[in-house]
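# Working through the structure, step by step
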Amino acid sequence: MSYYTKGALVALGLDSHLRQLSGDSLTLDHVMRELWRRYGSTGEGVPERAIEVLVSDLLGQSVEPFFHAYVYGVEELPL
């Protein structure tokens, strides 16, 4: 599988997961804006696992199972 294809599908799955867990109050757009604010606009690189930590902070609960299964693991995305 292409990393690009998997990345796009993981992004779709994460957006869906966030919307479901937050009652549509948190989306991948919120995550991307915050990533830009913290890292992109400063020119600083994104540390390893920083996205998982950021998503968990914004959501107020761990997303470790999602990242473990679909980002770091090889489970089929539930799409």
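Residues numbered from 1 in each chain as written. Predicted model: local features only at pLDDT ≥ 70, side-chain atom pairs only at ≥ 80, totals over all residues. Heavy atoms only, no water.

### Focus: the side chain of S56
- Inspection of the secondary structure puts S56 in helix α3 (residues 50-59).
- Here S56 falls in the buried class, since its relative accessible area comes to 16%.
- Polar side-chain contacts of S56 include one of 3.1 Å to the backbone nitrogen of V63.
- Setting aside residues up to four positions removed in sequence, S56 forms contacts with Q61, S62 and V63. (Helix = DSSP H or I, 4+ residues; strand = E, 2+ residues; numbered from the N terminus. Buried < 20%, exposed > 50% of the residue type's maximum accessible area, 1.4 Å probe, protein only. Polar contact = N/O pair within 3.5 Å; in protein donor to acceptor, adjacent residues only side chain to side chain. Contact = heavy atoms within 4.5 Å.)

### Observations concerning a nonpolar patch on the surface
- A grouping of M1, L9, L12 and L79 is seen on the molecular surface, where their side chains present a nonpolar patch of about 450 Å² in accessible area.
- Secondary-structure assignment places L79 in the segment after α4 (64-71). (Patch = residues over 30% accessible without salt bridge, like charges linked within 9 Å, V, L, I, M, F, W, Y side chains within 5 Å. Areas by Shrake-Rupley, 256 points an atom, 1.4 Å probe, with all protein chains shown as cover. Salt bridge = Lys/Arg side-chain N within 4 Å of Asp/Glu carboxyl O.)

### Details of the packing of aromatic side chains
- Taken as a whole and assessed by the stated rule, the structure comprises three aromatic pairs.
- For the pair F66 and F67, a centre-to-centre distance of 6.0 Å together with 70° between the ring planes defines the contact as edge-to-face. Take F66 and F67: they sit in the same class, and that class is buried.
- Summarising the aromatic geometry, the rings of F67 and Y72 are spaced 6.1 Å apart at their centres and angled 45° between planes, so their arrangement reads as tilted.
- Looking at Y72, the relative accessible area reads 39%, which means it is partly exposed.
- Cluster of aromatic residues (ring-pair linked, three or more members): F66, F67, Y70 and Y72. (Phe/Tyr/Trp six-rings, centres within 6.5 Å; stacked < 30°, edge-to-face > 60°.)

### Comments concerning the nonpolar core
- With 18 residues, the main nonpolar core has L14, L18, V31, V55 and F66 as its most contacted residues.
- At the level of elements, α1 (3-22), α2 (28-38), α3 and α4 are the ones that each hand at least two residues to this core.
- Beyond its immediate stretch of four places on either side in the chain, V55 contacts L14, L18, V31 and V63. (Core = buried A, V, L, I, M, F, W, Y, C linked by side-chain atoms within 4.5 Å.)

### With respect to the side chain of E52
- Note on placement: E52 falls in helix α3.
- On the accessibility criterion, E52 (9% relative accessible area) is buried.

### Digging into α2
- Within the sequence span of α2, burial applies to L28, V31, E34 and L35. On an axial view of α2, the arc spanned by its buried residues comes to 125°, and they lie on one face. Those residues of α2 that are exposed and angled more than 90 degrees off the buried face are R33, W36 and R37.
- Looking at the packing, one finds that the buried side of α2 touches α1 and α3.
- The backbone nitrogen of D29 lies 3.2 Å from a side-chain oxygen of the residue at the head of α2, namely T27. (Arc of directions from axis to C-beta.)

Functional significance is not addressed by these values, which are geometric in nature.
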